[in-house]
Amino acid sequence: MKLQAFLLTTLLGLAGASAGLAQDDAAPAAADAPAAEAPAGESAPAAPATIRVVEDLDVDAVIAAFNAESGTDRTFTAEERSWIGAGVAPGDIDAAHQGYVAIPSTDPNVVIINRNGEELRVTSNASAGRAPVITHESSHMMPFAPEVDNGTFWMAKAASETAKDVDRMFDFIMWINYIFAAIIGGLMVLFCVKYRRRPGVRADQSITHNTPLEITWSIIPTILVAIMFWGGYVTFLDLRTPPPDSMKVNATAYRWGWNFQYPNGVESPQEFHVPENTPIEMVMTSTDTLHSFHLPAYRTKSDVLPNRYTKVWFNSGEPGVYRVYCTEYCGKDHSNMYAKLVVEPREDYEAWLTKTGNWMVDENGEMKPLLEIGELTYNRRGCKSCHSIDGSMGTGPTFAGLWGLKRDFDDGSSAVADEQYINQSIRDPYSQVVLNANGVSYGKQMTIYSPMLPVEQINGIIEFIKSLEGVPRKD
Amino acid sequence: MTQVDIPVESPVRPVQHLDKNFINHSKGFLSWALTLDHKRIGLMYLAGISLSFFLGGLFALAIRLELFSPGMQFMDAETYNQVFTLHGAVMVFLFIIPGIPAALGNVVLPLMLGAKDVAFPRLNLCSYYLWLSGAAFFIWTLFSNGLDTGWTFYTPYSTSYTDTSVIQATAGVFMLGFSSIFTGLNFLVTIHKMRPPGMTWHKLPLFLWGMYGTAIMQLLATPVLGITLLLLIMETTLGIGIFDPQKGGDPVLYQHFFWFYSHPAVYIMILPAMAVVSEIIAAFSRKHIFGYRMIAYSSVSIALLSFLVWGHHMFVSSESTLATLIFSAITFTIAIPSAIKVFNWLATLYKGSVALDTPMLYALGFMWLFTIGGLTGLFLAVLSTDVVLHDTYFVVAHFHYVMVGGTLFAFLGGLHYWWPKMTGKMYSETSGRIAAVTAFIGFNLAFFPQFIMGSRGMPRRYADYTADFELYHRLSTTGTLILGVGLALLAYTLLRSLFGGKKAPANPWGSATIEWECPSPPPHHNFDHPPLATDPYDMERVEWDEEVQGYVPAVGHRPTAH
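Values in this document were obtained by computation on a predicted structure and should not be read as measured data.

J.: So, the overall build of chain A: which residues are in play, and what are the values?
T.: For chain A, the count of helices and strands is 11 helices and 15 strands. Per-residue burial for chain A yields a buried fraction of 54% across its 475 residues. By sequence separation, contacts in chain A at least 24 residues apart represent 63% of the contacts at least 6 residues apart. Summed over its atoms, the accessible surface of chain A is roughly 20,000 Å², and 57% of this surface lies on carbon and sulfur atoms.

Here you go:
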């Protein structure tokens with residue numbers, strides 16, 4: 001449990017620190033506004049969130065345990081005690097004062113960052129796939145799952161007519177299952193009871209075969225499976241054949257996230273919106289390993305492969321929010337590779353598309369500061385699943401304190417972490433694979449972002465890493 | 001050393017036990033390590049396989065405990081990925097594939113034929129050492145960088161993206177493959193060339209028909225796996241582009257190669273299980289097996305059809321619509337012989353004299369679990385429902401019902417059935433039955449909820465999940481613990497019988513196959529004279545004898561012709 005709490009706190013610290021930093025340098029005038037507002041258009045809740053109170057948490061006991069373990073005799077102020085009461089570990093209080101650890105609030109989508117006495121409220125970036133929901137009894141993953149709350153005993157809610165056809169097929173097979181299981185199980189129990197071994201009673205040795213019976217029980221299943229095969233094939237053709245007027249959305253899967261591209265060039269990572277009652281055709285490819293686009297609400301799925309394009313389509317139907325899973329194992333964060341599908345009225349969809357297309361621009365039509373772009377890029381593009389900003393070692397080297405550091409590569413050469421180093425690491429990562437603190441190569445893990453990342457975002461990442469100069473690192 | 005040949009109408013009781021048997025016939029480490037005796041090799045396999053099963057079971061327990069609640073409990077995602085990979089790889093390659101053929105088959109197959117040994121005893125010993133080397137490579141994998149590719153080693157993740165010990169593991173699987181090929185080759189030749197007088201193909205016990213079908217698949221499919229893994233190793237070490245698109249290869253090609261072996265491998269796992277169950281059901285119903293020919297032919301037809309259905313693992317991996325159509329159709333044809341077998345077993349119970357001894361409980365458990373596993377397979381063969389269910393927990397539940405509910409339960413049934421013959425000891429029937437029932441309940445609780453969460457969208461191989469799947473995961477973990485208790489009791493029952501068990505008679509269950517005619521345990525050379533084969537399911541051939549507490553040849557019985 002302690003480990004879990006630690007992990008959650010660290011995760012929060014990540015979101016909090018990045019948001020806090022961006023806030024501090026880029027937009028000091030708007031200290032109360034959500035710093036890392038989701039590009040998807042979620043706005044801060046109307047009622048301001050306050051610091052959460054975990055009801056069954058005994059703050060005194062937590063502090064006593066902390067003091068006993070670390071051998072200190074530390075006391076905490078009332079404010080610090082309220083943070084501990086919200087789930088922050090006592091050992092992280094100092095970091096929380098620096099703004100590196102976020103404090104959970106009453107709203108699961110909002111965390112509070114206290115940076116040198118200045119309080120900020122940060123809306124979670126749900127589009128990045130990992131909203132910091134930190135009630136201790138629930139997971140840290142996506143807070144939305146409307147489709148699984150509805151539906152039948154066996155299936156989640158069906159969101160389209162094709163999905164309902166698949167469900168009818170499913171129900172048909174399920175009834176055959178029930179009937180055959182009842183016949184086989186019933187006869188098994190009946191025979192075992194009725195013909196149980198009794199003294200003096202012998203088995204009837206005359207029954208060794210019965211050709212008409214055997215032919216019957218071969219033919220009946222044959223007919224049934226023929227029906228199933230045909231029914232399944234017809235619905236499968238529906239699943240595979242998009243209507244000619246369907247709207248195209250491209251999807252690129254990478255470890256560990258999704259990037260969606262619209263025909264007008266707008267890109268949106270981890271989240272995509274579509275207009276209601278519209279056939280949508282997804283054209284998908286992967287930049288690294290195999291992935292799979294699994295959209296259970298529409299009963300559709302296709303593997304996503306490097307160097308190939310695969311397609312799925314669905315009719316978006318009524319407005320709703322649905323989960324996209326990756327169902328082809330792809331390594332460490334496979335189980336966190338979610339995307340969010342939002343089906344909404346056409347006007348809302350168009351507003352979203354405009355806003356998303358202009359995520360690097362603020363309300364006045366001005367380009368946002370590079371640092372803010374960098375921080376948003378860090379959260380949107382999946383950098384954060386491998387590169388920490390709290391100094392801890394992940395799949396890739398941490399961004400903390402990276403700027404200006406001498407980097408040793410696995411081919412024996414080295415370089416100083418400057419603009420060109422970062423640029424080359426993003427565009428051509430395998431040309432300079434860095435060694436970790438133990439002298440072991442990180443290996444060829446990095447996704448090659450060369451065609452995907454425009455120059456503004458690379459510059460933003462450079463600014464973002466610069467802003468983390470001097471933060472202590474542990475690798 | 002004496003052994004009485006068994007004349008059909010002699011009132012003289014056959015010898016039940018011998019002072020000198022294959023276990024104490026020679027002593028010392030080398031007498032086991034260098035033995036050519038199929039029974040000793042079988043027992044060594046049994047020991048190795050049981051240890052592998054224990055190891056795989058520990059991984060399973062770790063998986064289930066981790067998934068008890070959402071969020072990470074006691075391991076991180078990378079560790080979890082290694083644990084589920086090693087669970088699958090150890091269970092499939094080290095336990096289930098060799099389980100019944102190499103452990104039980106080695107002991108029983110020559111005895112059933114009244115033969116002194118398998119056709120190639122040295123090849124048999126070689127196969128055991130290949131298995132040991134493969135297992136050693138797996139241990140090496142465990143203690144180097146582990147393995148996190150999933151047991152399927154899908155490319156390009158396995159060749160280009162993981163830094164775990166893929167080469168050690170695939171080299172191990174390569175050796176295990178050859179071990180399997182040698183066993184299959186040996187059994188094939190033994191069944192063809194070493195049948196006793198009177199044993200025509202239609203008097204072959206169904207266990208041997210099952211082993212025959214299995215041997216065909218082992219011999220023809222496993223080389224493909226070997227070549228595939230060699231290609232994978234070549235890509236990883238030499239950088240030759242075969243499967244990784246960055247090197248000019250094609251990852252789907254790997255899937256075709258892999259499933260061309262691994263689908264027959266599914267039947268390498270289940271055919272021997274069906275074979276064991278056919279024997280147990282007939283013996284404990286004391287009745288002639290129903291529809292002998294249909295069961296025998298269905299084994300061979302399953303073996304042949306299994307080569308034509310590999311594409312149903314790839315309905316959503318960019319396979320063409322025409323290919324999915326063909327593979328779906330052929331997949332359904334393989335459902336028919338499986339269904340026929342279940343109906344035949346059911347008809348064997350009808351008007352039988354059914355005793356619910358431990359092996360029979362496992363066989364009945366198998367029938368039920370295999371029925372569910374088979375029926376839920378229909379959802380996965382139907383194209384439209386497979387699309388949504390593919391790679392979800394529905395698939396996980398389905399193949400555990402077939403492999404664990406099917407193969408494991410049949411293996412345990414066979415283990416209890418032939419335990420008196422292998423060790424010469426009877427185990428406690430009471431604790432054996434309690435273990436069987438506990439394992440059955442635990443298994444269903446562990447895996448049935450996985451069908452529901454799978455059809456509701458929970459993907460497999462997830463280290464973490466959202467809270468809406470929590471109930472199903474909790475039920476599943478609870479079931480796993482109950483299953484574990486059942487298996488622990490089973491191990492205790494069998495191990496205790498070795499020290500405190502009663503001496504086993506030659507034929508404790510009243511079976512009519514030949515292996516029960518030699519004393520328990522058999523002498524080194526099995527039979528003094530090749531026994532005469534009759535109808536293997538003519539149960540009235542033997543009758544209960546109070547004095548030996550077992551079955552002896554019936555006086556004055558005339559075999560009936562069917």
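J.: Tell me what's going on with the interface of chain A and chain B, and back it up with residues and numbers.
T.: Contacts between the two partners involve 89 residues from chain A, matched on the other side by 101 residues from chain B. Note on chain A versus chain B: buried area summed over both sides is about 8,500 Å², and carbon and sulfur give 65% of it. For the pair chain A and chain B, the interface holds 3 salt bridges. Across the pair Glu540(B) and Arg202(A) runs a salt bridge, and its minimum N-O distance is 2.9 Å.

J.: Residue-level account of the nonpolar core, with values.
T.: Ranked by internal contacts, the top residues of the largest apolar core, which has 256 residues, are Phe272(A), Met282(A), Phe293(A), Phe93(B) and Phe411(B). Per-element tally for this core: the top contributor is helix α3 (residues 77-112) of chain B, with 23 residues. Not counting the four nearest positions on each side in its chain, Phe411(B) is found in contact with Leu46(B), Ile49(B), Phe95(B), Gly99(B), Ile100(B), Ala103(B) and Leu104(B).

J.: Break down the packing of helix α8 (residues 251-285) of chain B against helix α11 (residues 358-381) of chain B for me, citing the residues and quoting the values.
T.: Residues and elements named next belong to chain B. It is the contact of α8 with α11, at a shortest axis distance of 9 Å, that shows an interaxial angle of 130°. The orientation of α8 with respect to α11, classified from their angle, is oblique. Judged by the sense of rotation from one axis to the other, the crossing of α8 with α11 is left-handed. On α11, the residues touching Ile 270, Ala 273, Met 274, Val 277, Ile 280, Ile 281, Phe 284 and Ser 285 of α8 are Pro 359, Met 360, Ala 363, Phe 366, Met 367 and Phe 370.

J.: Hey, could you go over helix α10 (residues 419-427) of chain A for me, with residue numbers and the actual values?
T.: Owing to its 3.6 residues per turn, the α-helix brings residues three or four apart onto one side. Residue and element names in this part refer to chain A. Tyr 421, Ile 422, Ser 425 and Ile 426 are the residues of α10 that are buried. Angular distribution of buried residues about the axis of α10 spans 125°; they occupy a single face of the element. Contact partners of the buried residues in α10: β14 (406-408), β15 (414-416) and α11 (455-467).

J.: So, empty space enclosed by the protein: which residues are in play, and what are the values?
T.: Residue and element names in this part refer to chain A. What the rule picks out here adds up to 12 cavities of 30 Å³ or more. Its volume calculated, the largest cavity comes out at about 550 Å³. If you trace the largest cavity, you find 32 residues lining it, with His 387, Pro 397, Ser 425, Pro 429 and Met 446 closest to the centre. Looking at the lining of the largest cavity, the elements with two or more residues in it are α10 and α11. Among the elements that line the lining of the largest cavity, the one with the most residues is α10, at 4 residues.

J.: Tell me about helix α10 (residues 321-349) of chain B, and name the residues and values.
T.: All names here are of chain B. Taking 1.5 Å per residue as the helical rise, α10 with its 29 residues ought to reach 42 Å, and the 43 Å between its terminal C-alpha atoms agrees with that figure. Across the 29 residues of α10, 21 count as buried, placing the element largely inside the fold. Lys 351 sits one or two positions beyond α10 and adopts a positive phi of about 55°.

J.: Describe the packing of aromatic side chains, with residues and values.
T.: Across all of its chains, the model carries 73 aromatic pairs over all chains by this definition. Its end group placed over the ring of Trp201(B), Arg195(B) keeps NZ or CZ at 4.3 Å from the ring centre.

J.: Describe in detail the pairing of strand β7 (residues 271-275) of chain A, supporting the description with residues and values.
T.: All names here are of chain A. Most of β7 is tucked away: 5 of the 5 residues are buried. A two-sided burial pattern is seen for β7, the buried positions comprising Glu 271, His 273 and Pro 275 on one face and Phe 272 and Val 274 on the other. By the bridge criterion, 5 bridges tie β7 to strand β13 (residues 339-344) in an arrangement that is parallel. Within β13, the position partnered with Pro 275 by the bridge is Glu 344.

J.: Tell me about unusual backbone geometry, and please be specific about residues and values.
T.: Following Thr155(B), the chain continues to Pro156(B) via a peptide bond in cis, the omega torsion being 0°. Within the secondary structure layout, Pro156(B) lies in the loop between α4 (121-143) and α5 (157-161). Cis geometry marks the peptide bond from Ser520(B) to Pro521(B); its omega dihedral reads -15°. By the element assignment, Pro521(B) lies in the loop between β2 (502-503) and β3 (542-545). The residue Gln270(A) is not glycine, and still its phi comes out positive at about 65°. For Gln270(A), the position within the fold is in the loop between β6 (267-269) and β7. Of note, the phi angle at Arg461(B) is positive, near 60°, even though the residue is not glycine. Considering the arrangement of structural elements, one finds Arg461(B) in the loop between α14 (429-455) and α15 (470-500).

Rules used in this analysis
Residues numbered from 1 in each chain as written. Chains lettered and ligands numbered in written order. Predicted model: local features only at pLDDT ≥ 70, side-chain atom pairs only at ≥ 80, totals over all residues. Heavy atoms only, no water. Helix = DSSP H or I, 4+ residues; strand = E, 2+ residues; numbered from the N terminus. Buried < 20%, exposed > 50% of the residue type's maximum accessible area, 1.4 Å probe, protein only. Contact = heavy atoms within 4.5 Å. Areas by Shrake-Rupley, 256 points an atom, 1.4 Å probe, with all protein chains shown as cover. Buried area = accessible area lost by both parts, 1.4 Å probe. Salt bridge = Lys/Arg side-chain N within 4 Å of Asp/Glu carboxyl O. Core = buried A, V, L, I, M, F, W, Y, C linked by side-chain atoms within 4.5 Å. Axes fitted to C-alpha atoms, helices over the stretch in contact; angles between N-to-C directions. Parallel < 35°, antiparallel > 145°, perpendicular 65-115°, else oblique. Left-handed = near helix turned anticlockwise from the far one by under 90°. Arc of directions from axis to C-beta. 1 Å grid on protein atoms, 1.4 Å probe; cavity = no way out; pocket = protein on both sides within 12 Å on 5 of 7 lines; lining within 4 Å. Points joined across faces, edges and corners; volume = space filled by probe spheres on them. Expected span 1.5 Å × (residues − 1). Phe/Tyr/Trp six-rings, centres within 6.5 Å; stacked < 30°, edge-to-face > 60°. Lys NZ or Arg CZ within 6 Å of the ring centre and 35° of its normal. Pairing = 2+ DSSP bridges.

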